[in-house]
Structures are given as C-alpha cells and as structure tokens.
Amino acid sequence: KKYGAALVALTIDEKGMAKTAQDKLRIAQRIFELATQKYGILAEDLFFDTLTFTLGSGDDEFRRAGAETLEAITFVKKELAGVRTLLGVSNISFGLDPEARQVLNSVFLDRALQAGLDAAIVNAQKILPLHKIPPEEIELCRNLILDERSQGDPLQAFLVYFEKKKGTVKKEEK
C-alpha cells in the first residue's frame, strides 16, 4: 500500500485451493473485505486469481475445474466492484501432450476473457488465435472445459483426437 503496488490474491484458504465457483467467490469476498476494510487497499489494486486445476488428470473431482473457474471469474467481477482478475492459463492443461495443451490453453484463454478475465499468465508463443484452430478442436475443448457429457466422455474424446496429432508441435530447444 505504501508504494501503490497492486496485489494478487489467490482463492486459497485454510482448506486449500477452492474447487467450486461458490467457494472461490466466498474466499475472494473474505480477502476483499480484509484488504479493503482492514488495510485500506483500493479495490482496483486487487487482482483475484481464481486458480484452476488440470482437466487432464481424469479425476472426477476436477472434471468441472474449467467451468468452475470461468464461473468464478464472472462472479468475482460481478460481486466485487472494481477488482481485476488474473489466471495462470496453462494450469488447465498440465500433464497433457504439447499439441493438446496449445489448443486447450488457447480456447480456455478465450473463454476466460469472455468471462471477464483482465490479465493472464501465458507463454504467448504457445497460444494460437482461434481462427487458426479447426472448429472441431474448439468444440472438443469447449466440451472438455464445460464438462459437456451429452456426446459421451469429453476427456476421452479429447485425448483420442489429440493422440493422432502427437508430435506435430515442435519441442522447445534446451
């Protein structure tokens, strides 16, 4: 506060990282109240990172991680006037192959921006403009992010599709 710095607040409490949009909002409200009322931090100096878990684990507990994170961004922006939101985008794709990660991160970033995301931690070299992603890949990502199961398991469909594209993204030189 003394130097006018903005603060990044993570939606983590004594129980750990929040998993649901409601829990993410509850924690953000608690931090907001403490920061603005007790410490006099301006709302516009707060960046809330609603955090996300990977969709690639297959763990049922995290199948809605993308949807919950997007919903949390919307809730935080609506309920906590003046604050900003931030997200480490690639956490959504941790553990997946590079081809799948690049497309999923790109689609997730777009969805997060639509939800109200203000800032993102991304490797710009690994983000594609949506117009360069085939529509079927965007749809696979959308189904995975939103855990849309009307056509079957979205994770399995995503993994099967991207298994065929394995090796098409250049490995980083060390």
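For the structure itself, look to the data block above.
Note that the structure is a prediction, hence the values are computed from the model and not measured.

A.B. asks: Please provide a residue-by-residue account of the pattern of salt bridges, values included.
C.D. replies: The final tally for this structure, using the stated rule, is eleven salt bridges. Residue Arg26 is joined to Asp23 by a salt bridge in which the shortest nitrogen-to-oxygen separation is 3.6 Å. Highlighted residues: Arg26 and Asp23, both in helix H1 (residues 21–38), separated by three residues, approximately one helical turn. Note on Asp23: relative accessible area 32%, which makes it partly exposed.

A.B. asks: Now, about the environment of Tyr161: what can you tell me, with residues and values included?
C.D. replies: Of note, Tyr161 is situated in helix H5 (residues 154–163). By relative accessible area, which is 22% here, Tyr161 ends up partly exposed. Distance in space between the C-alpha atoms of Tyr161 and Thr11 is 33 Å, their sequence separation being 150 residues. Setting aside chain neighbours within four positions, we find Tyr161 in contact with Glu136, Glu137 and Leu140.

A.B. asks: Please set out the nonpolar core residue by residue, giving values where relevant.
C.D. replies: Membership of the largest hydrophobic core comes to 27 residues, with the highest contact counts inside it found for Leu104, Phe108, Ile145 and Phe158. Only helix H2 (65–79), helix H3 (98–115), helix H4 (135–146) and H5 provide two or more residues apiece to this core. The element that contributes the greatest number of residues to this core is H3, accounting for eight residues. In this structure Phe158 touches Leu96, Ala100, Leu104, Leu140, Cys141 and Leu144, once residues within four positions along its chain are discounted.

A.B. asks: Tell me about a nonpolar patch on the surface, and please be specific about residues and values.
C.D. replies: Residues Val8, Leu10 and Ile12 make up a contiguous nonpolar surface patch of roughly 240 Å² in combined accessible area. As for its placement among the helices and strands, Val8 is situated in strand E1 (residues 7–10). What makes Val8 exposed here is its relative accessible area of 51%.

A.B. asks: Explain the packing of H4 against H5 to me, using residue names and the numbers behind them.
C.D. replies: Two numbers describe how H4 lies on H5: the axes approach to 8 Å, and their chain directions differ by 145°. Here H4 runs over H5; the crossing is left-handed. On the side of H4, the interface is formed by Glu136, Glu137, Leu140, Cys141, Asn143 and Leu144, while H5 contributes Pro154, Leu155, Ala157, Phe158, Tyr161 and Phe162. Tallied by class, residues from the contact of H4 with H5 come to nine nonpolar, one polar and two charged.

A.B. asks: Tell me what's going on with the sheet that holds strand E4 (residues 46–49), and back it up with residues and numbers.
C.D. replies: An order of E1-E4-E5-E6 is seen for the four strands of this open sheet, with the pairing classed as parallel. This sheet does not close on itself; its edge strands, each paired only once, are E1 and strand E6 (119–121). Pairs of neighbouring strands in the sheet enclose a mean axial angle of 30°, with direction left out of account. Bridge count between E4 and strand E5 (residues 84–88): three bridges; the pairing is parallel. For Phe47, the partnering residue across the bridge sits in E5 and is Arg84. H1 rests against E1 and E4 of the sheet, and its axis sits at about 160° to E4. The strands touched by H2 within the sheet are E4 and E5, with E5 carrying the most contacts at an inclination of about 160°.

About the thresholds
- Residues numbered from 1 in each chain as written.
- Predicted model: local features only at pLDDT ≥ 70, side-chain atom pairs only at ≥ 80, totals over all residues.
- Heavy atoms only, no water.
- Salt bridge = Lys/Arg side-chain N within 4 Å of Asp/Glu carboxyl O.
- Helix = DSSP H or I, 4+ residues; strand = E, 2+ residues; numbered from the N terminus.
- Buried < 20%, exposed > 50% of the residue type's maximum accessible area, 1.4 Å probe, protein only.
- Contact = heavy atoms within 4.5 Å.
- Core = buried A, V, L, I, M, F, W, Y, C linked by side-chain atoms within 4.5 Å.
- Patch = residues over 30% accessible without salt bridge, like charges linked within 9 Å, V, L, I, M, F, W, Y side chains within 5 Å.
- Areas by Shrake-Rupley, 256 points an atom, 1.4 Å probe, with all protein chains shown as cover.
- Axes fitted to C-alpha atoms, helices over the stretch in contact; angles between N-to-C directions.
- Left-handed = near helix turned anticlockwise from the far one by under 90°.
- Nonpolar A, V, L, I, M, F, W, Y, C, P; charged D, E, K, R; others polar.
- Pairing = 2+ DSSP bridges.

So far we have only geometry, and geometry alone does not tell us how the molecule works.
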